[in-house]
Amino acid sequence: MKVVLLAESFLPHMNGVTHSLLQVLRHLERRGHEALVVAPRSGPVDRSLAGGARTILLPSVPLPSYPEVRVTLTGAARLAAIVREHRADVVHLASPFVLGWRGVLAAEAAGAPSVAVYQTDVPAYAERYGVPAAEPALTRHLARLHRRATLTLAPSSSAIERLDSLGVERLRLWRRGVDTDRFAPSRRDEAWRRRVAPGGETIVGYVGRLAAEKQVDDLAALAGMPGVRLVIVGDGPARAALERRLPEALFTGFLGGDELAAAMAGFDLFVHPGEHETFCQTVQEALASGVPVVATGRGGPLDLVEQSRSGWLYRPGDLAEMRSRVQDLVGDAAKRRAFALRARESVLGRGWDRLGDELIGHYEDAAGLRRAMRDPRPARVGGAVGERVGRGASRRPDASVAPIGPRPPAAPLRPRRYVAVGDSLTEGLCDTSRTADGEYRGWADRLAMLLALAASQGEPIEYANLAVRSRRVRDVVDVQLPRALELGADFVSVLVGGNDLVGRRARPEHLARELGDAVGRVRATGCEVLLVTPFLPARREARPFVARFARFNAVLGGIAATHGARLVEVAAEPELTGLDRWAEDRVHLNSAGHRGLAYAAARALGIPDADALGALEVALHDDAGDPVELGDLAWLRRHAVPWALRRMRGRAAGDGLVAKRGTLEPVALPAPAGRRPSASSRRAG
């Protein structure tokens, strides 16, 4: 694959964007891909750091208030010519804003897909640099750029929420990797610690650019704390002012490589006060180094710091709370040690090789998206048939297509005893296709049918569905999963969490870890597990919950990797949850939505010819018509008000209900043409 990477800044200026870009370049070289870097010229470049990639450095001028940042005036026509000359398969836009906008236009002109990697919230910096009136215009530009890109990759749940609020649709989660060999507790250098804190003080450190948007001056709140040595690693335009503001702190200047790793591991505690971090790589490096973290409870750190386990998150702007959180860990060495162990554990498995391979997968998906956007007909994407995507795209519910998403695993799963657990989505509410009154089918029932159709002749599939509406994570952990093991399941599907996450005091990471522990127990028996991430409709009313779902699902992805579970990331397949896939109650899938989810699960299981089987299933079980859309008043009267009344009375829709298929029973295959299906056949399918 040939990749053009456009960066707003590059070597010799080292920052988070440059660091990530260098890791990507090295990974592309290891995987045999050909990369070209296009960036503003700001000084001599050590090409050995760039993984052998060719570079084109464009004439640039320094930003007056921040000379380390340089702006190039090169136009889109010149960039398009570079893309064509390289015969690029994809254009990677690293933290795009000025050059990145021209890069989007250049990619379009050259017929190449663009992947925009959101890494810097430029509009949020406007107030910090004394121009708050510019924020609305900068925000409009940011939104326009990412909506125009073929695909946008965001590093955290807060970043996803931010972009989603701006109307960015083709959006995926792509985190940052960390070098757990370089950043490790073993790098702790006692000689360095004695030089820095000769009196044996507790070393509280910060690493990062010294600039207004990082809010390093907030560390003045730690002044006068007894027994503490504040160490600030980094450089930038605010250094002189910070040295005056923090006269007792040690400023080391810029450190890199092994020097930085030794300093990071030498800290007893890491503090990061910045409120505008889309990810915050230095927090992740501190965790990898076995250093507890105190960070502001906003932005990227929300996904990285586990409250009361690997560190503390304080209320944004509450510097008294920041000081108290630091004091808590400074005064309790045993707690620091416990937090340090969990800090290291929390980032294991996040190496750049894994993240680099994910990025290459996103490149491939962007190429398919680009073809689909140019051609309204179904197009081959990422190994599956895909459609044009976009919020609210108009599709008939019987459009049997396989959405864009992860490629299926090499080894197909062939279970004999399948048990589905979860809540109303897995029970199948609102999927009334080919069912008797009061009965529901659902994606899991459809998946059981696909498994049965794919099984070898004479190998019947047994299936149970223990899901009940209104159930929560605790019900699945304490009741449904243990029951699945009692039944002797060799395959379990899990889709739960939505009812918890819309609660007033939801704790997404805690819920996901609770579910993860149960998944680990199931996997320890040898049972295969499919995890499906909970999801929301793309409606205004759902936006307050988007970040919670993203945080829960981010942890769930790590759980799948840790325990070797299969995973369907529904957020990565936006057409699965288009508005035409929801029933009139706006919170449950209609028949088309259940069908699409079943096909996505079938691909995750590696079911051979899942798309062809899906087409057969559509022919056998046609939907009754187009999805129904109630007006707001009718929806309130028919669905919202009854739900609210139940909540006020402490009741749930599932009270008194039992599982619709509480024991394993053979899946009845469709009757031959011309024969009327039996009741058991309708129920099983």
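Here, the structure is the one placed above.
Residues numbered from 1 in each chain as written. Predicted model: local features only at pLDDT ≥ 70, side-chain atom pairs only at ≥ 80, totals over all residues. Heavy atoms only, no water.

### Details of the packing of aromatic side chains
Under the definition given, this model contains six aromatic pairs. Here Trp312 and Phe339 contribute two aromatic rings whose centre-to-centre distance is 5.9 Å and whose plane-to-plane angle is 55 degrees, an arrangement assigned as tilted. Of this pair, Trp312 sits in strand E15 (residues 311–314) while Phe339 sits in helix H13 (residues 333–347), placing them 27 residues apart in sequence. Each member of the pair, Trp312 as well as Phe339, is classed as buried. The ring of Trp101 is capped by Arg144, whose NZ or CZ atom sits 4.0 Å from the centre of that ring. Note that Arg325 overlies the ring of Trp312, its terminal NZ or CZ placed 4.1 Å from the centroid. (Phe/Tyr/Trp six-rings, centres within 6.5 Å; stacked < 30°, edge-to-face > 60°. Helix = DSSP H or I, 4+ residues; strand = E, 2+ residues; numbered from the N terminus. Buried < 20%, exposed > 50% of the residue type's maximum accessible area, 1.4 Å probe, protein only. Lys NZ or Arg CZ within 6 Å of the ring centre and 35° of its normal.)

### As for the sheet that holds strand E9 (residues 171–173)
With parallel pairing, seven strands are arranged side by side in an open sheet as E3-E2-E1-E6-E7-E8-E9. If you trace the sheet from one side to the other, it starts and ends with strand E3 (54–58) and E9, each paired once. The sheet shows a mean angle of 20 degrees between the axes of neighbouring strands, direction not considered. Direction of pairing for strand E6 (residues 90–94) relative to strand E7 (residues 114–117): parallel, over a ladder of four bridges. Of the residues in E7, the one forming a bridge with Val91 is Ser114. (Pairing = 2+ DSSP bridges. Axes fitted to C-alpha atoms, helices over the stretch in contact; angles between N-to-C directions.)

### Comments concerning the packing of helix H10 (residues 281–288) against H13
In the contact formed by H10 and H13, the axes pass within 7 Å of each other and the chain directions differ by 115 degrees. Across the interface between the two elements, Gln284, Leu287 and Ala288 from H10 touch Ala343, Arg344, Ser346 and Val347 from H13. Grouping the constituent residues of the contact of H10 with H13 by class yields four nonpolar, two polar and one charged. (Contact = heavy atoms within 4.5 Å. Nonpolar A, V, L, I, M, F, W, Y, C, P; charged D, E, K, R; others polar.)

### Section: the pairing of strand E20 (residues 491–495)
With five of its five residues buried, E20 lies for the most part within the structure. The side-chain alternation of E20 yields two buried faces, one formed by Phe491, Ser493 and Leu495 and the other by Val492 and Val494. Inspection of the sheet shows strand E18 (residues 417–422) paired to E20 by five bridges, in the parallel sense. Bridging across to E20, Val419 finds its partner in Val492. Relative to strand E21 (residues 528–532), E20 runs parallel, the two sharing four bridges. If you follow Val494 over to E21, its bridge partner there is Leu531.

### Examining unusual backbone geometry
Phi at Arg87 takes a positive value of approximately 55 degrees, unusual for a residue other than glycine. Mapped onto the secondary structure, Arg87 falls in the loop between helix H2 (76–86) and E6. Judged by its relative accessible area of 65%, Arg87 is exposed. Backbone geometry at Cys280 places phi at a positive 85 degrees, although glycine is not the residue there.

### Some points on the side chain of Arg548
Summarising the element assignment, Arg548 is placed in helix H20 (residues 546–563). Of note is the side chain of Arg548, whose polar atom sits 2.8 Å from the backbone oxygen of Leu501. Leaving out residues up to four positions away in the same chain, Arg548 has contacts with Leu501, Val502, Gly503, Arg504, Ala506 and Pro508. (Polar contact = N/O pair within 3.5 Å; in protein donor to acceptor, adjacent residues only side chain to side chain.)

### A word on the pattern of salt bridges
If you walk through the whole model with that rule in mind, you get 33 salt bridges. In this structure, Asp258 and Arg187 form a salt bridge, with 3.2 Å as the shortest nitrogen-oxygen distance. Residue Asp258 is found in helix H9 (residues 257–266), and its partner Arg187 is found in the loop between E9 and helix H7 (190–196); the two are separated by 71 residues along the sequence. Residue Arg309 pairs with Glu306 through a salt bridge whose shortest N-O separation is 3.0 Å. For Arg309, a relative accessible area of 33% translates into the label partly exposed. (Salt bridge = Lys/Arg side-chain N within 4 Å of Asp/Glu carboxyl O.)

### Remarks on helix H16 (residues 443–454)
Counted at 1.5 Å a residue, the expected span for H16 with its 12 residues is 16 Å, and the 16 Å between its end C-alpha atoms agrees. The buried fraction of H16 is high, at 10 of 12 residues. Taken residue by residue, H16 has Trp443, Ala444, Asp445, Arg446, Leu447, Ala448, Met449, Leu450, Leu451 and Ala452 as its buried positions. (Expected span 1.5 Å × (residues − 1).)

### Some remarks on the packing of helix H6 (residues 157–165) against H20
Taken N-terminus to C-terminus, the directions of H6 and H20 make an angle of 145 degrees; their axes are 8 Å apart at the nearest point. The two elements H6 and H20 meet at a crossing, and its hand is right-handed. Contacts between H6 and H20 involve Ser157, Glu161 and Asp164 from the first element and Val546, Ala547, Ala550 and Arg551 from the second. Along the lines of polarity and charge, the residues of the contact of H6 with H20 split into three nonpolar, one polar and three charged. (Left-handed = near helix turned anticlockwise from the far one by under 90°.)

### Concerning the sheet that holds E21
Working definition: the strands of a sheet are paired by backbone hydrogen bonds and lie parallel or antiparallel to each other. Strand order in the open sheet formed by six strands is E22-E21-E20-E18-E19-E23, with mixed pairing between adjacent strands. This sheet does not close on itself; its edge strands, each paired only once, are strand E22 (566–568) and strand E23 (661–666). In this sheet, neighbouring strand axes are inclined to one another by 15 degrees on average, regardless of whether the strands run parallel or antiparallel. Against the sheet, helix H21 (residues 591–604) contacts E20, E21 and E22, and its axis sits at roughly 150 degrees relative to E22.

### Some words on the nonpolar core
Tyr418, Trp443, Leu447, Leu530, Val568 and Leu597 are the most contacted members of the largest nonpolar core, which totals 33 residues. Those elements that place two or more of their residues in this core are E18, H16, E20, E21 and H21. Of all hydrophobic cores here, the second largest spans 31 residues; its members include Val476, Leu481, Val492 and Val529. (Core = buried A, V, L, I, M, F, W, Y, C linked by side-chain atoms within 4.5 Å.)

### Description of H13
Here H13 spans 22 Å end to end across 15 residues, near enough to the 21 Å set by a 1.5 Å rise per residue. Listing the buried residues of H13 in full gives Arg336, Phe339, Ala340, Arg342, Ala343, Arg344, Ser346 and Val347. Turning to H13, the residues buried within the fold contact strand E10 (202–207), H10, E15, helix H12 (319–330) and helix H19 (508–524). The distance from a side-chain oxygen at the start of H13 to the backbone nitrogen of Ala334 is 3.3 Å, and the residue carrying that oxygen is Asp332. At the C-terminal side of H13, Gly349 shows a positive phi close to 90 degrees.

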